[in-house]
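# Examining the three-dimensional arrangement
Chain by chain, the residues:
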Amino acid sequence: MKHRLHWTAAAIAACAALSAPAAIAKEKKSGEEELAELLEGREAGEPTSCISDFGPGRNLRIIDGTALVYGRGKTIYVNVTRNPDDIDDDDVLVTRRYGSQLCRLDIVTKVDRSSGFYAGNVFLTDFVPYTRVDEEEKEAAEG
């Protein structure tokens, strides 16, 4: 009898341990929340129709249902696209550029990551630069 209680307690503890990660898992942030967090401490600049090519490692970040973010460091470029609800980080974006810059008229095709099939197009809009502003620079500009 004592042996059965020991195994029952062990089984209950194992079940509790397996379900604990689900109970403490954080809710996934919405795309708008993720973008707002990324833009915190940055100021928007004048929108532009093209941005310089950042090469193969241009650090594209896809924010589900919200925007495409290019670049890293002090300045990043945000493109909300004409169909932001169709943006999904499960898709692979294939860009056909005409020249050395990425422009809003370039063709961006989505390919499903798991099947490799065509999944639609993404229609770019103007790119909005967001530059990180140091507090000292901000005070000097206001002051």
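Attention here is on the structure that accompanies the text.

Scoring rules and cut-offs
- Residues numbered from 1 in each chain as written.
- Predicted model: local features only at pLDDT ≥ 70, side-chain atom pairs only at ≥ 80, totals over all residues.
- Heavy atoms only, no water.
- Helix = DSSP H or I, 4+ residues; strand = E, 2+ residues; numbered from the N terminus.
- Buried < 20%, exposed > 50% of the residue type's maximum accessible area, 1.4 Å probe, protein only.
- Contact = heavy atoms within 4.5 Å.
- Areas by Shrake-Rupley, 256 points an atom, 1.4 Å probe, with all protein chains shown as cover.
- Pairing = 2+ DSSP bridges.
- Patch = residues over 30% accessible without salt bridge, like charges linked within 9 Å, V, L, I, M, F, W, Y side chains within 5 Å.
- Salt bridge = Lys/Arg side-chain N within 4 Å of Asp/Glu carboxyl O.
- Lys, Arg positive; Asp, Glu negative; His and termini not counted.
- Charge placed at Lys NZ, Arg CZ, Asp CG, Glu CD.
- Arc of directions from axis to C-beta.

### Quick notes on the overall build of the chain
A count of helices and strands for the chain gives three helices and 10 strands. Along the chain, from the amino end to the carboxyl end, the secondary structure elements read α-α-β-β-β-β-β-β-β-β-β-β-α. By the burial criterion, 25% of the 143 residues in the chain qualify as buried. A fraction of 56% describes how many contacts in the chain between residues 6 or more apart in sequence connect residues 24 or more apart. Of the accessible surface of the chain, which amounts to about 10,000 Å², a share of 54% is contributed by carbon and sulfur atoms.

### Focus: the pairing of strand β10 (residues 128-132)
In the sheet, strand β1 (residues 42-44) pairs with β10 via three bridges, with the strands oriented antiparallel. Bridging across to β10, Ala 44 finds its partner in Tyr 130. Summarising the sheet, strand β5 (residues 75-79) and β10 pair through four bridges and their orientation is antiparallel. When the sheet's bridge partners are listed, Thr 75 is paired in β10 with Thr 131.

### Details of a negative patch on the surface
There is a patch of like negative charges on the surface, built from Glu 32, Glu 33, Asp 85 and Asp 86. Mapped onto the elements of the fold, Asp 85 is located in the loop between β5 and β6 (91-96). Exposure remark for Asp 85: the relative accessible area of 69% places this residue in the exposed category.

### Section: helix α2 (residues 31-39)
Since the α-helix advances by 3.6 residues per turn, residues separated by three or four positions end up pointing in the same direction. All buried positions along α2 are accounted for by Gly 31, Leu 35 and Leu 39. Burial along α2 is one-sided: seen end-on, the buried residues are contained in an arc of 65°. After α2 finishes, the residue Gly 41 shows a positive phi value of roughly 85°.

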